[in-house]
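# Structural overview
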Amino acid sequence: MRAVVDVDWETLRAAALEAQAHAYVPYSEFPVGAAALVDDGRIVTGCNVENASYGVGLCAECGLVSELARTGGGKLVAFTCCDGRGERLMPCGRCRQLLNEFAAPGCLFDTIGGITDIEGILPMAFGPRNLTEYADRDD
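Since the structure is predicted, the reported quantities are computational estimates derived from the model, not experimental observations.

Moving on, we get to the pattern of salt bridges. Pairing is possible between side chains of opposite charge, provided their charged atoms come close. Applying the stated criterion across every chain yields a total of six salt bridges. Asp110 is the salt-bridge partner of Arg88, the closest N and O atoms lying 3.1 Å from each other. Taken together, the positions of Arg88 in the loop between β3 (76-83) and α3 (93-102) and Asp110 in strand β4 (residues 103-111) put the pair 22 residues apart, joining distant regions of the chain. Connected via shared salt-bridge partners are Glu10, Arg13, Arg88 and Asp110.

Shown next, in the form of structure tokens:
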């Protein structure tokens, strides 16, 4: 059910690196940028934004998903994330769940271990499909 997508990973990685340059990180000094290819060909990006109340900071993936919604929605077909040096990063658990919500079936992830799909970073995920299946039950 995965759509065949030709991903220009270098362009996507460059977009993530550019996004991290806009991060607001006065506390950790650890900028993160994320970039994703959308099913309509757009690239959306996000950067992390910290807060003096540490625990309420926003990960780069949060900004990316907000940008996705703000620019017309759609489904993510490829994703990458990097630090200020351009080194690949893995999304935290919360962000993996967030990305699962907006990922197309078979969405590809540029990980520290190579390219994998959504199942590779969030196996046996709970998502919108589970809620639909529950609502459709006749018991």
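Below, the discussion takes up helix α1 (residues 9-20). The terminal C-alpha atoms of α1 lie 17 Å apart, and with twelve residues this matches the ideal 16 Å at 1.5 Å per residue to within 8%. Of all the positions in α1, only Trp9, Leu12, Ala15, Ala16, Ala19 and Gln20 are classed as buried. Take α1 and look down its axis: the buried residues cluster within an arc of 135°, on one side only. Buried-residue contacts for α1 involve β1 (32-38), β2 (43-47), β3, β4 and β5 (114-117).

Quick look at the UniProt feature "domain: CMP/dCMP-type deaminase" (unreviewed entry) in the protein now. The UniProt feature table records "domain: CMP/dCMP-type deaminase" (unreviewed entry) at residues 7-129. A distance of 26 Å separates the end C-alpha atoms of residues 7-129, which is 32% helix and 27% strand.

Moving on, we get to the nonpolar core. The tendency in soluble globular proteins is for nonpolar side chains to be buried side by side. Residues Val44, Leu64, Leu76, Phe79 and Phe109 are the most contacted members of the largest nonpolar core, which totals 21 residues. Ignoring any residue separated from it by four or fewer positions in sequence, one finds Leu64 in contact with Ala34, Ala35, Ala36, Val44, Thr45, Gly46, Leu76 and Phe79. Core analysis: the next-biggest nonpolar cluster, separate from the first, contains twelve residues, Trp9, Leu12, Val77 and Ala104 among them.

All right, on to the sheet that holds β2 then. To summarise the sheet geometry, strands pair through backbone hydrogen bonds and adopt either a parallel or an antiparallel arrangement. Taken in spatial order, the five strands make up an open sheet running β2-β1-β3-β4-β5, and their pairing is mixed. Each edge of the open sheet carries a strand with a single partner, namely β2 and β5. Strand-to-strand, the axes of this sheet are offset by a mean angle of 20°, without reference to chain direction. Bridging between β1 and β3 involves seven bridges; their strand directions are antiparallel. Across the sheet, the residue bridging to Gly33 is Cys82, located in β3. Contacts from α1 reach β1, β2, β3, β4 and β5 within the one sheet, and its direction differs from that of β3 by about 50°. This element, α3, spans β3 and β4 of the sheet and lies at about 140° to β4.

The rules behind each value
Residues numbered from 1 in each chain as written. Predicted model: local features only at pLDDT ≥ 70, side-chain atom pairs only at ≥ 80, totals over all residues. Heavy atoms only, no water. Salt bridge = Lys/Arg side-chain N within 4 Å of Asp/Glu carboxyl O. Helix = DSSP H or I, 4+ residues; strand = E, 2+ residues; numbered from the N terminus. Expected span 1.5 Å × (residues − 1). Buried < 20%, exposed > 50% of the residue type's maximum accessible area, 1.4 Å probe, protein only. Arc of directions from axis to C-beta. Contact = heavy atoms within 4.5 Å. UniProt positions renumbered as here; feature names shortened; annotations may be inferred. Core = buried A, V, L, I, M, F, W, Y, C linked by side-chain atoms within 4.5 Å. Pairing = 2+ DSSP bridges. Axes fitted to C-alpha atoms, helices over the stretch in contact; angles between N-to-C directions.

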